[in-house]
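Observations on the model geometry
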Amino acid sequence: MDRYRRERSPYRERKRTHRSTALTYKKLQSMPLNLRKQAVREARNKNQKILGKPKKRQKKATARRIRNDFERSEHNAMLCSTSRELRKILASVETLSDIPHDISPEELLGEIAIAEGKATTIHVQRDGLSTLTVVVACTNWKRVLMMLMGKWHNGTDPLQIPGSLAHSVGMFTKFYDLTDEEKQQVLSEDYTRFILVRHPLERLLSAYRNKLEGDTPSARYFQSRVGRQIVKELRPGATNNSLEHGDDVSFSEFIQYLLTPEISMVNQTGYNEHWEVITKLCNPCVMKYNVVGKYDTLLDDSALALYLAGAENLTFPTGHKPSSTRANLRTYFDPLPVSVIWRLYEIYEQDFRLFDYNLEDVLGFEFG
């Protein structure tokens, strides 16, 4: 029988010996804690792998842990359900479809303020410096004022401030919210007052392009209210889609709307502030502004206003992009009859005369 006995292979012997000396997680589990730590240290020093898979340590299920896990799962389920419902609401309302579902309450109020065109008159007061009162509808100026008042602490660049936050309700005190005594103080020589104006017809075209021709949430807000009203009242045989959305109002229809006060001023004493006459909106004869800035020289005039207010350490954002509205004036106004442009001039005549504007940019000549 011995001659049929197979001799053991040296290779198999070495493999068996290696298996017996190799460190495994199973062996570690059977070792006392001190020897287990020592074996792991030695294996690490020799770059030796621990064979097998580590046994997962199961946490003991206590009543408190079970209750916390349940509350956490219920909370997450409620958040998911709320998020889904909010997404459905935002998606179903066209004017809200571009608003993110995780928008903060302050930013949402800001979006509403932007859409409704609120808060053009701002009263700003700082301790230790002269008070600055600004009449402006510029988002960048509101950002600068937030820096001036110490309402932004996440950097020194005003452009980092979200536009919706700058327009949020309650961010600034409105002039008409002041008491009579406070209003008299604002009108005194101790205060710096600044107004920013624009060519009346350029401002009118900018309002049309942003509010009725655009595709922003603010534009859809105006389209659903003003646009639909224009289509209903001034477009015979309008399609159902136009009557429903009001997003295809032409510039000539918008001008006709302005020239028809029984439509454009229904239930109100004036135009919407985006196309209201500036002299009516800002009362320059009463306010007696220290600086009358123009959109064409925005950076220089803004720097002067800040200097007079004692805020030399702040600068108006140089990232301001020039508008393309001026270049498109002739494109939009040339198709209109001269008689229509004359009627517009009569509406905004005070702005033309008071702020030294003319019609040459639109017509190429002045009325006599």
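Above this text sits the structure in question.
Residue numbers run consecutively from 1 along every chain, following the written order of its sequence. It should be noted that, the model being predicted, local features are given only for residues of pLDDT at least 70 and side-chain atom pairs only at 80 or more, the latter also being counted only at that level, while totals for whole chains, interfaces and linings use all residues. Each side-chain value is worked out from all heavy atoms of the structure, with water and hydrogens disregarded.

1. A word on the pattern of salt bridges
Our working rule: Within this document, salt bridges are pairs made up of a side-chain nitrogen of Lys or Arg and a carboxyl oxygen of Asp or Glu, the two lying within 4 Å of each other. Remark: exposure states derive from per-residue accessible area (1.4 Å probe, protein chains only) relative to the maximum for the residue type, with buried under 20%, exposed over 50%, and partly exposed in between. Going along the chain from the N terminus, every DSSP run of H or I of four or more residues is numbered as a helix, and every run of E of two or more is numbered as a strand.
Applying the stated criterion across every chain yields a total of seven salt bridges. Arginine 198 is the partner of glutamate 202 in a salt bridge, and the nearest nitrogen-oxygen pair spans 3.3 Å. We note that glutamate 202, like arginine 198, is buried. Note that aspartate 248 is salt-bridged to arginine 235, the shortest N-O span being 3.1 Å. With aspartate 248 in the loop between helix 11 (240–245) and helix 12 (251–258) and arginine 235 in the loop between helix 10 (217–234) and helix 11, this residue pair connects regions lying 13 residues apart in the sequence. For aspartate 248, a relative accessible area of 35% translates into the label partly exposed. Through salt bridges with shared partners, a single ionic network connects Arg235, Asp248 and Glu253.

2. Some points on the packing of aromatic side chains
Worth spelling out the cut-off: Pairing of aromatic rings covers Phe, Tyr and Trp, the last through its six-membered ring, and needs centres within 6.5 Å; plane angles under 30 degrees mean stacked, over 60 mean edge-to-face, and all others mean tilted.
Evaluated as defined, the whole model comprises 14 aromatic pairs. Taking 6.2 Å as the distance between ring centres and 70 degrees as the angle between the ring planes, the aromatic pair formed by tyrosine 208 and tyrosine 332 counts as edge-to-face. One end of the pair, tyrosine 208, is in helix 9 (residues 200–211); the other, tyrosine 332, is in helix 17 (residues 329–333), with 124 residues separating them in the sequence. Owing to a relative accessible area of 18%, tyrosine 332 belongs among the buried residues under this scheme. Seen in terms of ring centroids, phenylalanine 251 and phenylalanine 254 are 6.4 Å apart; in terms of plane orientation they differ by 40 degrees. Their pairing is tilted.

3. Details of the environment of valine 40
By secondary structure assignment, the location of valine 40 is in helix 3 (residues 33–45). Sequence separation between valine 40 and leucine 28 is 12 residues, and the spatial gap between their C-alpha atoms is 8.4 Å.

4. Things to note about unusual backbone geometry
Backbone geometry places asparagine 47, a non-glycine residue, at a positive phi of 55 degrees. Within the secondary structure, asparagine 47 is located in the loop between helix 3 and helix 4 (63–92). When its relative accessible area of 71% is taken as the criterion, asparagine 47 is described as exposed. Although it is not a glycine, aspartate 356 adopts a positive phi angle of roughly 60 degrees. Its place among the elements puts aspartate 356 in the loop between helix 19 (349–354) and helix 20 (360–363).

5. Regarding the pairing of strand 3 (residues 191–197)
As a reminder, the rule being used: Think of it this way: DSSP has to see at least two bridges between two strands before they count as a pair.
In terms of burial, strand 3 is largely enclosed, as seven of its seven residues are buried. Going residue by residue along strand 3, you find Tyr191, Arg193, Ile195 and Val197 tucked away on one face and Thr192, Phe194 and Leu196 tucked away on the opposite face as well. Sheet topology places strand 3 next to strand 4 (residues 291–294); four bridges connect them, and they run parallel. By the bridge assignment for strand 4, leucine 196 is matched with glycine 293.

6. Re the nonpolar core
We count it as follows: Residues enter a nonpolar core if they are buried and are Ala, Val, Leu, Ile, Met, Phe, Trp, Tyr or Cys, with the set joined through side-chain atoms within 4.5 Å. The contact criterion used is simple: two residues touch if any of their non-hydrogen atoms lie within 4.5 Å.
In terms of nonpolar packing, the biggest core is built from 48 residues, with Phe254, Ile255, Trp275 and Phe333 touching the most fellow members. The dominant element in this core, judged by the number of residues it contributes, is helix 10, at six residues. Ignoring any residue separated from it by four or fewer positions in sequence, one finds isoleucine 255 in contact with Leu204, Leu336, Val340 and Leu344. Listed in part, the 21 residues of the second largest apolar core include Met146, Trp152, Ala166 and Phe194.

7. Quick look at the side chain of glutamate 276
Threshold: The charge count includes Lys and Arg as positive and Asp and Glu as negative, but it does not include His or the ends of the chains. Polar contact is defined as a pair of N or O atoms within 3.5 Å, subject to the rule that within protein one atom must be able to donate a hydrogen and the other to accept it, and that residues adjacent in sequence are counted only when both atoms are side-chain atoms.
Topologically, glutamate 276 is positioned in the loop between helix 13 (261–264) and helix 14 (278–282). It is lysine 280 that comes nearest to the buried, bridge-free glutamate 276 among opposite-charge side chains, at 4.8 Å. From its side chain, glutamate 276 meets the backbone nitrogen of tyrosine 271 in a polar contact 3.1 Å long. The contact partners of glutamate 276, leaving out residues within four places of it in the chain, are Arg203, Gly270, Tyr271, Leu281 and Tyr348.

8. Focus on helix 6 (residues 139–148)
Of all the 10 residues making up helix 6, nine are buried; the element is thus mostly covered by neighbouring parts of the structure. Buried residues of helix 6: Asn140, Trp141, Lys142, Arg143, Val144, Leu145, Met146, Met147 and Leu148, and no others. Remark: glycine 150 follows helix 6 within two positions and exhibits a positive phi of approximately 75 degrees.

9. Some points on the packing of helix 10 against helix 12
Applied cut-off: Simply put, an axis is a line fit to the C-alpha atoms, just over the touching stretch for a helix, and the angle between two N-to-C directions goes from 0 to 180 degrees. Angles below 35 degrees are treated as roughly parallel, those above 145 as roughly antiparallel, those between 65 and 115 as roughly perpendicular, and all remaining angles as oblique. Residue polarity is assigned by list, with Asp, Glu, Lys and Arg as charged and Ala, Val, Leu, Ile, Met, Phe, Trp, Tyr, Cys and Pro as nonpolar; anything else, Gly included, falls into the polar class.
Relative orientation of the contacting elements helix 10 and helix 12 amounts to 85 degrees, with a least axis distance of 10 Å. With respect to their mutual orientation, helix 10 and helix 12 come out roughly perpendicular. Of helix 12, the residues touching helix 10 (which contributes Val226, Gln229, Ile230 and Leu234) are Glu253, Phe254, Gln256 and Tyr257. Looking at the contact of helix 10 with helix 12 residue by residue, the class counts come to five nonpolar, two polar and one charged.

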